[in-house]
Amino acid sequence: MNRITALRSLLPKGQVSYYKDQLLIVRGDRQFLFDSNGKKYLDFFGGIVTVSVGHCHPKVNDALKAQVDKLWHTTSIYHTEPIYEYAQKLTSKFDDPLKVVFFVNSGSEANDLALALARNYTGRFDVISMRNGYHGMTQTVLGATNLGNWKPTIPHGFNIFKTLNADPYRGIWGGANCRDGPVQVKNRPCDCSPGQCKASDKYVEQFEDMLLHDFSHSSGPAAYLAESIQGVGGTVQYPKGFLERAYKAVQKRGGVAIADEVQTGFGRLGSHFWGFQSQNAKPDIVTMAKGIGNGFPIGAVVTTKEIADPFSKSLYFNTYGGNPLASAVGKAVLEVIEEEKLQDNCAEVGDYFLKQLAALDEPAIGDVRGKGLMIGVELNEADGKPLAPAKSAAIFEETKNRGLLIGKGGIYGNVLRIKPPMCITKKDVDFAVDIIAQSIAKFK
Ligand code: PMP
């Protein structure tokens, strides 16, 4: 039995596996991965939007190695230099009053803590999240994750209400041309005057309607939790202004807005460092993971003193959160993003990428969307329905065989999710666009 077959029987059966011929990856170098046969792949999924500055980036590796020889661990009951320096650096990326940081170890844990903070602060229990959203897999946040294929039939996250998904492509009100970004599409535009998106109005109306009907007047929701662009759900980008108005509606009722920046943060969107900024939205709590550590397990929750302080009526403890190794890595990642101007690279190369994809003369491509290097390509049958799962799977297998790794997502599994390390070049984009076009043409 080879290693791949042996491992399959040791790991849970439900563990995500894209490929018929599974990969055994042995090495990474910036935007490239190498398998056990020495084959090289251009990695345009970055460990699911996690490898932000590139595999094995020398500066991040050096920071980790130096810390390994100094101090691994003490638990947070003692302060360490790395956590002090990292907390300063990370909070410097936020405007006042978002200046208190809790360190955790994953995105699920960050969202779990964010809900606890919101409930503790407001004295309320109800939470709102959006259909098609993904927020993690602890039993609490599973209640906020609204993608059926990720929900085991076990009790999870009580009192979490779901709102309609502000999806300009498959949603009921259109509005695809009211998304931020370089690509305008013919499908499902809305008939808006400049600065006034009618689809956004409709989604906000239904949101307010829900606030009116589902919560008593005396006690509104504790929190609204949303990704700034939905990731696992298929790079769903809301119409302009939606998030700002949804946050305000909740805040007006005394609830707090939680921005899940696990995929959209750290400059990936190009125009802004945080995804919520691209929607002009002002959250009360921000959760982070994945790209924060370039693959090292780190998570964080940043909030205001007003929300954090009441949580300190009881003690707060997390054995590994902000440990010296994680803090050294996290700080180095932020420095690389600045030094190598990776946010600017996301803006420039992302723009180019989106335009190249939109220019493909391929009828199976129903939608090209995204910002910076957070890109989605939705594939359709000739009648506009989502591409059949078997065809999507064949396309993914083909791109991999041709040396390109990309993700798949959306409730129908028909969206190519492209979220590479932020250091890719236009040459990489040309290589990838060719492979994507050829793979779709072969199997659509
Ligand atoms: N939020 C978002 C937006 C995510 O994409 C994910 C992971 N896919 C999570 C939270 C959960 O993160 P983790 O897997 O680190 O628990």
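A quick note: this is a predicted structure, and the numbers were derived from the prediction, not measured.

A. Seen up close, the site of the ligand. If you check the shell around the ligand, you find 13 residues, and the closest are Gly 107, Ser 108, Asp 260, Gln 263 and Lys 290. Within the side chain of Ser 108, a nitrogen or oxygen atom sits 2.5 Å from an oxygen atom of the ligand. Within the side chain of Asp 260, a nitrogen or oxygen atom sits 2.8 Å from a nitrogen atom of the ligand. Protein contact buries 83% of the 390 Å² of open area that the ligand shows by itself. With respect to the detected pockets, the ligand is housed in the second largest pocket. Across the shell around the ligand, the residue classes tally to 3 nonpolar, 7 polar and 3 charged.

B. Expanded view of the pairing of strand β2 (residues 32-35). Both strand β1 (residues 25-29) and β2 contribute to a ladder of 4 bridges, which runs antiparallel. Within β2, the residue paired with Arg 27 across the bridge is Phe 34. Adjacent in sequence and paired antiparallel, β1 and β2 are bridged by 2 residues, among which Arg 30 carries a positive phi angle near 50°. The pairing of β2 with strand β3 (residues 40-43) spans 3 bridges and is antiparallel. Looking across to β3, one finds that Phe 32 is bridged to Leu 42. Hairpin connection from β2 to β3: 4 residues lie between these consecutive antiparallel strands, with Gly 38 at a positive phi of about 85°.

C. Seen up close, the packing of helix α12 (residues 389-401) against helix α13 (residues 426-443). Here α12 crosses α13 at 140°, and the two axes come no closer than 9 Å. Viewed along their axes, α12 and α13 adopt a mutual orientation that is oblique. Every pair of crossing elements has a handedness; the one defined by α12 and α13 is right-handed. Contact with α12, carried on its side by Lys 391, Ala 394, Ile 395, Glu 398 and Thr 399, involves Ile 435, Ser 439, Ile 440, Lys 442 and Phe 443 of α13 and no other residues of that element. Residues that form the contact of α12 with α13 fall into these classes: 5 nonpolar, 2 polar and 3 charged.

The rules we used
- Residues numbered from 1 in each chain as written.
- Predicted model: local features only at pLDDT ≥ 70, side-chain atom pairs only at ≥ 80, totals over all residues.
- Heavy atoms only, no water.
- Near = heavy atom within 4 Å.
- Polar contact = N/O pair within 3.5 Å; in protein donor to acceptor, adjacent residues only side chain to side chain.
- Areas by Shrake-Rupley, 256 points an atom, 1.4 Å probe, with all protein chains shown as cover.
- 1 Å grid on protein atoms, 1.4 Å probe; cavity = no way out; pocket = protein on both sides within 12 Å on 5 of 7 lines; lining within 4 Å.
- Sits in = over half its atoms within 2 Å of the grid points.
- Nonpolar A, V, L, I, M, F, W, Y, C, P; charged D, E, K, R; others polar.
- Pairing = 2+ DSSP bridges.
- Helix = DSSP H or I, 4+ residues; strand = E, 2+ residues; numbered from the N terminus.
- Axes fitted to C-alpha atoms, helices over the stretch in contact; angles between N-to-C directions.
- Parallel < 35°, antiparallel > 145°, perpendicular 65-115°, else oblique.
- Left-handed = near helix turned anticlockwise from the far one by under 90°.
- Contact = heavy atoms within 4.5 Å.

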